[in-house]
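The chain contents come next:
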Amino acid sequence: MTGIHWLIWLVVGLFVTITSTKLGGKLTMFLWVGILFIVIGIGKLAYKMLTAPKESHKGHAPQVHKTTHHEVHNGPKRYCPKCGSQAIVHDNYCKHCGMRLR
Ligand SMILES: [Zn+2]
């Protein structure tokens, strides 16, 4: 029952309901079966709509974390031409060897 798509339940339900009403009052049992199929189809659709937004929200959270992490790593960097050690952009002299940076 869980493997069948909600749209199939709705289409089959509508088909049974319409054909039973067209054929006359002798097939009232089929009319109820058709209504039951439609109810199952709507129920499946409602269940799918309730569970779907939670999944998309889970996948969205790590993406926001990645962008903030990327900005930190892309900060301004400067390297000493003499010793090659990393220095802050605003520094005028190297902290390791005292080489003038600007
Ligand atoms: Zn240096």
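Residues numbered from 1 in each chain as written. Predicted model: local features only at pLDDT ≥ 70, side-chain atom pairs only at ≥ 80, totals over all residues.

A. Main features of the overall build of the chain. A count of helices and strands for the chain gives two helices and two strands. Moving toward the C terminus, one meets the helices and strands of the chain in the order α-α-β-β. Counting the 102 residues in the chain, one finds 8% classified as buried. Sequence separation of 24 or more characterises 24% of the internal contacts of the chain that already satisfy a separation of 6 or more. (Helix = DSSP H or I, 4+ residues; strand = E, 2+ residues; numbered from the N terminus. Buried ≥ 20, exposed ≤ 12 C-beta atoms within 10 Å, placed from the backbone. Contact = placed C-beta atoms within 7 Å.)

B. The arrangement of helix 1 (residues 6-23) in detail. If you check helix 1, its first and last C-alpha atoms are 26 Å apart, about what 18 residues at 1.5 Å a residue would give, namely 26 Å. Turning to helix 1, its buried residues number three or more, namely Trp9, Gly13, Val16 and Ser20. Down the axis, helix 1 shows its buried residues gathered within 70 degrees of arc, on one side only. Opposite the packed face of helix 1, turned more than 90 degrees from it, sit the exposed residues Leu7, Phe15, Ile18 and Lys22. Gly24 lies just past helix 1 and shows a positive phi near 120 degrees. (Expected span 1.5 Å × (residues − 1). Arc of directions from axis to C-beta.)

C. Looking closely at the environment of Arg102. Considering the arrangement of structural elements, one finds Arg102 in the segment after strand 2 (86-87). Under the C-beta neighbour-count criterion, Arg102 is labelled exposed, with 8 such atoms within 10 Å. With ten residues separating them along the chain, Arg102 and Asn92 place their C-alpha atoms 5.7 Å apart.

D. Structural view of the environment of Trp32. By secondary structure assignment, the location of Trp32 is in helix 2 (residues 28-73). Judged by local crowding, Trp32 falls into the partly exposed class, with 13 C-beta atoms found within 10 Å. The sequence separation of Trp32 and Ser20 amounts to twelve residues, and the corresponding C-alpha distance is 9.5 Å.

E. Looking closely at the environment of Ile42. Turning to its location among the elements, Ile42 is positioned in helix 2. Given 14 C-beta atoms within a 10 Å radius, Ile42 is considered partly exposed. Ile42 sits 33 residues away from Trp9 along the chain, and the two C-alpha atoms are 8.4 Å apart.

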